[in-house]
Amino acid sequence: MSAPTQAIGELRGFLHGLPGVDRVGAEARAAMLASRSIKTTAKQWALDMAISMIDLTTLEGQDTPGKVRALCAKAKRPDPADPTAPMVAAVCVYPDLAHVAAAEVKGSGVHVASVATAFPSGRTSLEVKLADVKYAVSAGADEVDMVIDRGAFLAGDYQLVFDEIAVVKEACGTAHLKVILETGELVTLDNVRRASWLAMLAGADFIKTSTGKVTPAATLPVTLVMLEAVRDFRESHGRQVGVKPAGGIRTAKDAIRYLVLVNETTGEDWLDPRWFRFGASSLLNDLLMQRTKMMTGRYSGPDYFTLD
């Protein structure tokens, strides 16, 4: 099955033919993996890996160019006192501030991600959504985070969702497309699995849990189902797709739990910022504090790292 030529009946039949998700089993496996402890040397590696996977995010109505510049400075040099701390993967902003971010991170290797398609609701015309995407890309975004039409998905109009993702992917040009499922609104893990496959079939480069504006946002059981989907999709279609949990991941302990989940579900191929990201604003501070503690034996003072 491949992009926009998919027949409606065939698409629906495929999605509803996917194996059902055992919610109890998924929750139990996620809880079991979350309880694992890792050795000190592995923890040091995990902290740096988690930092390098962060999409450092500000998505507020009060965002200013100055705030975005400060965010970009932190993205490039998370710990001003320690140049060995890795850069984050990307900064994520609204389209009208993408040009500010692009200018600030140019040549650094930090990507510019921009939310689009009427984030966070996704409720506007397709023409407006495509204009939003093209505006973000022209402003310098090399990654676009779109939201699916959850109303259409829940009403069973899979073809509309599929076609929208496909044309947004085309509008992205060379920019990578992250498709936000807003799993907190999808109700069931079966729907999470169907939405994951739908997005990948339509051309998503990444599938993302949440906008961060809906509760619950990212959870371990939901991310487990999405990781299983990308693993199985690569096996059947030969294309690797990334996963991005976003919203509510605030501590180093949380981040390490997700890395264990990735390693045990998809394997090492996904333990790379090209294939796994954290959508976060406050997570970076805790990772830096834990990193300093491991290197010096003491925590930094509460004012050592900038607040986001």
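Computed from a prediction, not measured in an experiment: that's the story for all the values here. (Residues numbered from 1 in each chain as written. Predicted model: local features only at pLDDT ≥ 70, side-chain atom pairs only at ≥ 80, totals over all residues. Heavy atoms only, no water.)

### Quick notes on helix α4 (residues 65–76)
Rules: A helix here means a DSSP run of H or I that spans at least four residues, while a strand means a run of E at least two residues long, and both kinds are numbered starting from the N terminus. Working rule for helices: expected span equals 1.5 Å times residues minus one. Here's how the labels work: a residue is buried when its accessible area is under 20% of the maximum for its type, exposed when over 50%, partly exposed in between, all with a 1.4 Å probe on protein chains only. Read the arc as the range of directions from the helix axis to the C-beta atoms. Two residues qualify as a contact provided that any one of their heavy atoms is within 4.5 Å of a heavy atom in the partner residue.
Compared with the 16 Å implied by 1.5 Å per residue over 12 residues, the 17 Å span of α4 between its first and last C-alpha is a close match. Considered for burial, the residues of α4 that qualify are Val 68, Leu 71, Cys 72, Lys 74 and Ala 75. Within α4, the buried residues cover an arc of 160° as seen down the axis, which keeps them to one side. Those residues of α4 hidden inside the fold are in contact with β1 (54–57), β2 (90–93), α5 (98–105) and α12 (283–296).

### Things to note about the pattern of salt bridges
Applicable threshold: Salt bridge, as used here, is a side-chain nitrogen of Lys or Arg placed within 4 Å of a carboxyl oxygen of Asp or Glu.
All chains considered together, the criterion is met by 24 salt bridges. In this structure, Asp 55 engages Arg 277 in a salt bridge whose closest nitrogen and oxygen atoms are separated by 2.8 Å. With Asp 55 in strand β1 and Arg 277 in the loop between α11 (252–265) and β8 (278–280), the pair connects residues that are 222 residues apart, well separated along the chain. Owing to a relative accessible area of 0%, Asp 55 belongs among the buried residues under this scheme. On the basis of relative accessibility, which here comes to 4%, the residue Arg 277 falls in the buried class. The salt bridge involving Arg 277 is made with Glu 143; its shortest N-O contact spans 2.8 Å. Highlighted residues: Arg 277 in the loop between α11 and β8 and Glu 143 in strand β4 (residues 143–147), separated in sequence by 134 residues. Residue class for Glu 143 comes out buried when judged on its relative accessible area of 4%. When salt bridges that share partners are traced, they join Asp 55, Glu 143, Asp 145, Lys 178, Lys 208, Lys 244 and Arg 277 into one network.

### Remarks on the nonpolar core
In plain terms, the rule: Only buried residues count toward a nonpolar core. Its members are Ala, Val, Leu, Ile, Met, Phe, Trp, Tyr and Cys residues joined through side-chain atoms within 4.5 Å.
Membership of the largest hydrophobic core comes to 95 residues, with the highest contact counts inside it found for Val 91, Ile 165, Val 179, Leu 259, Phe 276, Phe 278 and Leu 287. Considering every element that reaches this core, the biggest residue donor is helix α10 (residues 220–237), with nine residues. Look past the residues within four positions of Val 91 in its chain and what remains in contact with it is Leu 56, Leu 71, Cys 72, Ala 75, Ala 101, Val 105, Val 110, His 111, Val 112 and Ala 113. By size, the runner-up hydrophobic cluster in this structure holds seven residues, among which are Leu 59, Cys 92, Ala 113 and Val 147.

Note that every value here comes from positions in space, so none of it alone points to a role or purpose.
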